[in-house]
Amino acid sequence: ATRRPDLGDSPSFVPRSSAPSLPPSMAAVAAAATSGSSSAGDESKTGPLFDDMFDVLRVNPEGKKFEKVNRLVCKGTTLDVDMIVDIASEVYNLGKDERFSLRIASTLRLDGRKDDDAFDQSGRETLLDQYDYGMCGRVFQYDIKGSKVALMVSFGGLLMKLEGERQHLAAIELDARVYALFRKAKSAA
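Here goes a summary of the coordinates provided. All figures in this text were calculated on a predicted structure; none of them were measured in a lab.

**Considerations on the pairing of strand β2 (residues 50–59)**
Part 1: Pairing of β2 with strand β5 (residues 99–105), which is carried by 6 bridges, proceeds in the antiparallel orientation. Looking across to β5, one finds that Phe54 is bridged to Phe100.
Part 2: Bridge count between β2 and strand β3 (residues 69–76): 5 bridges; the pairing is antiparallel. Residue Asp55 lies in a different strand from β3, and its bridge partner there is Lys75.

Structure, rendered in structure tokens:
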């Protein structure tokens, strides 16, 4: 059994449809997802930290461990990056052979500036409005082996591992606060 790191009160998932009618327990998660600072820099100059399309190769390859969580094994379609990610399947479900877009960002602001230290209640559009599902977390492990990088992100206990060429993952830094944003690919008609 894999032991999950204890990262305290790290924020977790933020469903796109979570706007005004959140229960109190979820309001704290949503507030955390749109507040705080980032150590990853100013995206207005750098764009997203990472962006690619992924295919889901397997779902729960070692069996279902948690009732409301699926572990997905995925392969990037453009950048040859492998990913294993935990998804809150009750909120957002992806199945085998589905394709989705993943963006890793340091801010949800459309202008690319870093997020404020307070929850933005203005109702202004954010990057999350362009995606189906988002998670806010922190990069807690970053291993470099030659030209390859493997990094781990915790989203309040939901984990993501990205492995690939260093050049594709270089913008993501250890201890950076990041948003993982997911959008299902439109199927060909």
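**Focus: the packing of aromatic side chains**
Aromatic ring pairs are reported here in terms of the distance separating the ring centres and the angle at which the planes meet.
Part 1: In this structure the tally under the stated criterion is 6 aromatic pairs.
Part 2: When the centroid spacing of 5.6 Å and the interplanar angle of 35° are considered together, the rings of Phe100 and Phe182 count as tilted. Residue Phe100 is located in strand β5, and its partner Phe182 is located in strand β9 (residues 177–184); the two are separated by 82 residues in the primary sequence.
Part 3: Note on Tyr133 and Phe182: the rings are 5.6 Å apart at their centroids and 55° apart in plane angle, and the pair reads as tilted. In this pair, Tyr133 sits in strand β6 (residues 133–145) while Phe182 sits in strand β9, placing the two residues 49 residues apart along the sequence.
Part 4: You can call Phe182 buried: its relative accessible area is 0%.
Part 5: Put simply, the rings of Phe50, Phe54, Tyr92, Phe100, Tyr133 and Phe182 touch in pairs and so form one group of aromatic residues.
Part 6: Its guanidinium or amino end placed over the ring of Tyr131, Arg183 lies 4.2 Å from that ring's centre, counting from NZ or CZ.
Part 7: If you follow Lys184 out to its NZ or CZ, it ends over the ring of Tyr92, 5.5 Å from the centre.

Rules and cut-offs
Residues numbered from 1 in each chain as written. Predicted model: local features only at pLDDT ≥ 70, side-chain atom pairs only at ≥ 80, totals over all residues. Heavy atoms only, no water. Pairing = 2+ DSSP bridges. Helix = DSSP H or I, 4+ residues; strand = E, 2+ residues; numbered from the N terminus. Phe/Tyr/Trp six-rings, centres within 6.5 Å; stacked < 30°, edge-to-face > 60°. Buried < 20%, exposed > 50% of the residue type's maximum accessible area, 1.4 Å probe, protein only. Lys NZ or Arg CZ within 6 Å of the ring centre and 35° of its normal.

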